[in-house]
Amino acid sequence: MVMKRRGVGASELAEKVGRSPVNISHLRCGHARGIRIDLLEKLCRELHCQPGDLLVYESADSAADSRDVDSSKGELG
């Protein structure tokens, strides 16, 4: 969502933050198990947003339940 609102593509963002487009895709699709603070900082700088615009908190129980239903809840895209 944030990338779309900013008009930034995955390849462009990947280049700006020094990651591969595949890495950005994993973040967008909710397949990443974690994110380093330095990457979060770079993403926020490039997308002109706050960490809360990119992250959603899920408890361990709700995360397990949502993986059974739909794992494509990433906010980055």
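Anyway, here's the lowdown on the structure attached to this text.

Quick notes on the rules
- Here the residue numbers are simple positions, counted from 1 along each chain's written sequence.
- Totals for whole chains, interfaces and linings use all residues, but because this is a predicted model, local features are given only for residues with pLDDT of at least 70 and pairs of side-chain atoms are given and counted only at 80 or more.
- Only hydrogens and water are set aside; all other atoms, that is, all heavy atoms of the structure, feed into the side-chain values.
- Take a side-chain nitrogen of Lys or Arg and a carboxyl oxygen of Asp or Glu: if they are within 4 Å of each other, that pair is a salt bridge.
- Secondary structure counts use DSSP, requiring at least four H or I residues in a row for a helix and at least two E residues in a row for a strand, with both numbered from the N terminus.
- Think of it in three bands: residues with accessible area under 20% of the maximum for their type are buried, residues over 50% are exposed, and the middle band is partly exposed, with areas taken using a 1.4 Å probe on protein chains only.
- An axis is simply a line fitted to the C-alpha atoms; with a helix, the fit covers only the stretch in contact. Between two such axes, the angle follows the N-to-C directions and lies from 0 to 180 degrees.
- Between 65 and 115 degrees an angle is taken as roughly perpendicular, under 35 as roughly parallel, over 145 as roughly antiparallel, and anywhere else as oblique.
- Handedness of a helix crossing follows the sense of rotation of the near helix relative to the far helix, less than a right angle counterclockwise being left-handed and clockwise being right-handed.
- Here, two residues are considered to be in contact whenever any of their heavy atoms come within 4.5 Å of each other.
- Under the convention adopted here, Pro, Cys and the residues Ala, Val, Leu, Ile, Met, Phe, Trp and Tyr are nonpolar, Asp, Glu, Lys and Arg are charged, and Gly plus all remaining residues are polar.
- By nonpolar core we mean a set of buried residues, namely Ala, Val, Leu, Ile, Met, Phe, Trp, Tyr and Cys, connected to one another through side-chain atoms within 4.5 Å.

## Points about the pattern of salt bridges
Tallied over the entire structure, the rule returns four salt bridges. K16 is the salt-bridge partner of E12, the closest N and O atoms lying 3.2 Å from each other. One end of the pair is E12 and the other is K16, both in helix α2 (residues 10–17) and four residues apart, which spans about a single turn. A relative accessible area of 36% places E12 in the partly exposed class.

## Points about unusual backbone geometry
Positive phi is not limited to glycine here, since H48 has a value of about 50°. For H48, the position within the fold is in the loop between α4 (37–47) and α5 (51–54).

## Some details on the packing of α2 against α4
Following both chains from N to C, one finds α2 and α4 inclined at 120°, their axes separated by 10 Å at the closest point. By the angle between their directions, the pair α2 and α4 is classed as oblique. Crossing angle aside, the handedness with which α2 passes α4 is right-handed. Listed contacts from α4 to L13, K16 and V17 of α2 are L39, K42, L43, E46 and L47. Here the contact of α2 with α4 is built from residues that sort into five nonpolar, no polar and three charged.

## Concerning the environment of G18
Considering the arrangement of structural elements, one finds G18 in the loop between α2 and α3 (21–29). Given a relative accessible area of 58%, G18 falls into the exposed group. A C-alpha to C-alpha distance of 8.8 Å links G18 and L39, two positions 21 residues apart in sequence.

## Description of the nonpolar core
Judged by nonpolar contacts, the single largest core of 17 residues is most densely connected at M3, L13, I24, L43, L47, L54 and L76. Counting only elements with at least two residues in this core, the list comes to α1 (2–6), α2, α3 and α4. Of the residues forming this core, the biggest block, five residues, is contributed by α4. Apart from the residues within four sequence positions on either side, L76 is in contact with M1, V2, M3, I24, L27, R28, L47 and L54.

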